[in-house]
Amino acid sequence: MSGIPLPLKPEGSQGSSTGQIVSGEAGGAVVRRSVLPGGVRVLTEAMPGLRSVTFGCWVGVGSRDEADGHHGSTHFLEHLLFKGTARRSAMEIASSFDAVGGEANAVTGKEHTCYYARVLDEDLDLAVDVLTDMVTTATLAVEDVESERGVILEELAMNDDDPSDVVHERFAELVLGDHPLGRPIGGTVDTIEAVGANNIQDHYRRHYQAPGLVITAAGGLDHEAVCATVMERLGASAWDLSASVSPLPRRPLTDDVAGAPHGRTLVVRRQIEQANVVLGTTGLTTTDDRRYVMSVLNAVLGGGMSSRLFQEIRERRGLAYSVYSFASGHSDSGYFGLYAGCAPGKVDEVITLLRAGLEELASDGVTEEELLRAHGQICGGLVLGLEDSGSRMSRLGKAELVHGEFFSLDESLVRVRAVTAEQVQKLAVELAARPRSLAVVGPFEIDRPFPSVGD
């Protein structure tokens, strides 16, 4: 079963809102897609009976796309777009959503940025107006850059005070190496202090343009009405909305694949009561056909309370409160890791058990009971995770920018249930054979030896 392909410009669209791709969903929900003049893509999911709508503006640029001298600009823009536009002050942007009980926020990733708002269906036009105004006519005033610089530095300091955040950040850097994907999404203290207002403004002008804009919305809405409102609001900007303009191509795959050639160990010394450990290696890309296999593998190994690592490290041995596995994918690389937080005196034992968990999965495979339980866990999580308009809005954005095709919920469930024990073991063997890296945050000397991780 295959998904619905999402061409950059549907045949016969002529740069208008025709040429739609339509997909029916359970419960009467309908997914539709259009390409508007200027190459702006609009994807909506109408959800009957829902009184809320989540509206998002996506730009396919993330921290990996920052040129030298622009590092930190993507995260900076996430903040600055809320500071004011040609028509609105920061207070007016904030009060617009507060006045209707709505919520507005943004998220920066390594490969995309999204500005979104959740409002009542009757306030959708307001959300479209404010967010498109922010995306197209942000002022990016120098004084706002300087004031927000302090805010971002405080945000980085807050994250640096959380050892679990630190260990995951350092682990990603270890595994992805010197590739741009290995850079922290939010930037570093050095890059945030160094980047100038002119660099941020240049980053904005270069990447925030109509051909790169993807609009997604889900909830109580009408697709044609959303397209009409978006076109009206964009028409008030200085963006080029020529009918002949096509959307930007999706991110191309390159031979410059992220991933350190050898496993490495990094110790971050902190005088804290608990050691935080991540052991892992490179994983799968976001478009890899085996991503459903990875989901099942993750569920079996460390994805829940019944998982192998949770049962062995927490339930049987009482060595940790938090223990789990995780996977993250990007267009040309990804990583897979095992996390645990434990007493410093137990760190060697925990690292050994984490390593053994992956190796035993590779050598012994999974049982039928584990496989069926993982199927149920993932399928249930998928269904429950799509019960709100925000998650469905996000699914549309990732389908357009990342996958290039849309899978209905039923299609996704079929793909999960089709994963076999043999596929899981084969992937485990591949992961176990890759160079492994270890990141540790705790009260240790930086040259302290740790158990071999099998790199």
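Structure first, text after, so check above.
Conventions used here
- Residues numbered from 1 in each chain as written.
- Predicted model: local features only at pLDDT ≥ 70, side-chain atom pairs only at ≥ 80, totals over all residues.
- Heavy atoms only, no water.
- Helix = DSSP H or I, 4+ residues; strand = E, 2+ residues; numbered from the N terminus.
- Buried < 20%, exposed > 50% of the residue type's maximum accessible area, 1.4 Å probe, protein only.
- Contact = heavy atoms within 4.5 Å.
- Lys, Arg positive; Asp, Glu negative; His and termini not counted.
- Salt bridge = Lys/Arg side-chain N within 4 Å of Asp/Glu carboxyl O.
- Pairing = 2+ DSSP bridges.
- Axes fitted to C-alpha atoms, helices over the stretch in contact; angles between N-to-C directions.

### Focus on the overall build of the chain
Part 1: Broken down by element type, the chain carries 15 helices and 14 strands.
Part 2: Along the first, second and third principal axes, the C-alpha atoms of the chain reach 60 × 50 × 45 Å.
Part 3: Buried residues in the chain amount to 53% of all 455 residues.
Part 4: Excluding contacts between residues fewer than 6 apart, the proportion of contacts in the chain whose partners are at least 24 apart in sequence is 79%.

### Let's talk about the side chain of Asp144
Part 1: Topologically, Asp144 is positioned in helix 4 (residues 142-160).
Part 2: No salt bridge is formed by the buried Asp144; its nearest oppositely charged neighbour, Lys83, is found at 4.6 Å.
Part 3: Not counting the four nearest positions on each side in its chain, Asp144 is found in contact with Leu80, Lys83 and Thr139.

### Describing the sheet that holds strand 10 (residues 275-282)
Part 1: Read from one edge of the open sheet, 5 strands run 9-14-10-12-11, paired in mixed fashion. Edge strands, defined here as strands with exactly one partner in the open sheet, are strand 9 (265-269) and strand 11 (320-329). For this sheet, the mean angle separating the axes of adjacent strands, direction not counted, is 15°.
Part 2: Bridging between strand 10 and strand 14 (residues 437-442) involves 5 bridges; their strand directions are antiparallel. Along strand 14, the bridge assignment pairs Val277 with Val440.
Part 3: Of the strands in this sheet, strand 9, strand 10, strand 11, strand 12 (334-342) and strand 14 touch helix 5 (residues 163-176), which is tilted by about 25° from strand 10.

### Describing the pattern of salt bridges
Part 1: One pass over the structure, following the stated rule, counts 34 salt bridges.
Part 2: Notably, a salt bridge pairs Arg64 with Asp332, separated by 3.2 Å at the nearest N-O pair. Highlighted residues: Arg64 in the loop between strand 5 (52-59) and helix 1 (73-80) and Asp332 in the loop between strand 11 and strand 12, separated in sequence by 268 residues. Comparing Arg64 with Asp332, the two get one shared label, buried.
Part 3: The residue Glu111 makes a salt bridge to Arg251 at a minimum N-O spacing of 3.6 Å. Here Glu111, found in the loop between strand 6 (103-108) and strand 7 (113-120), pairs with Arg251, found in the loop between helix 8 (223-235) and strand 9; they are 140 residues apart in sequence, far enough to count as distant.
Part 4: A cluster of three or more residues bridged by salt bridges with shared partners is formed by Arg87, Arg88, Asp129, Asp133, Glu232 and Arg233.

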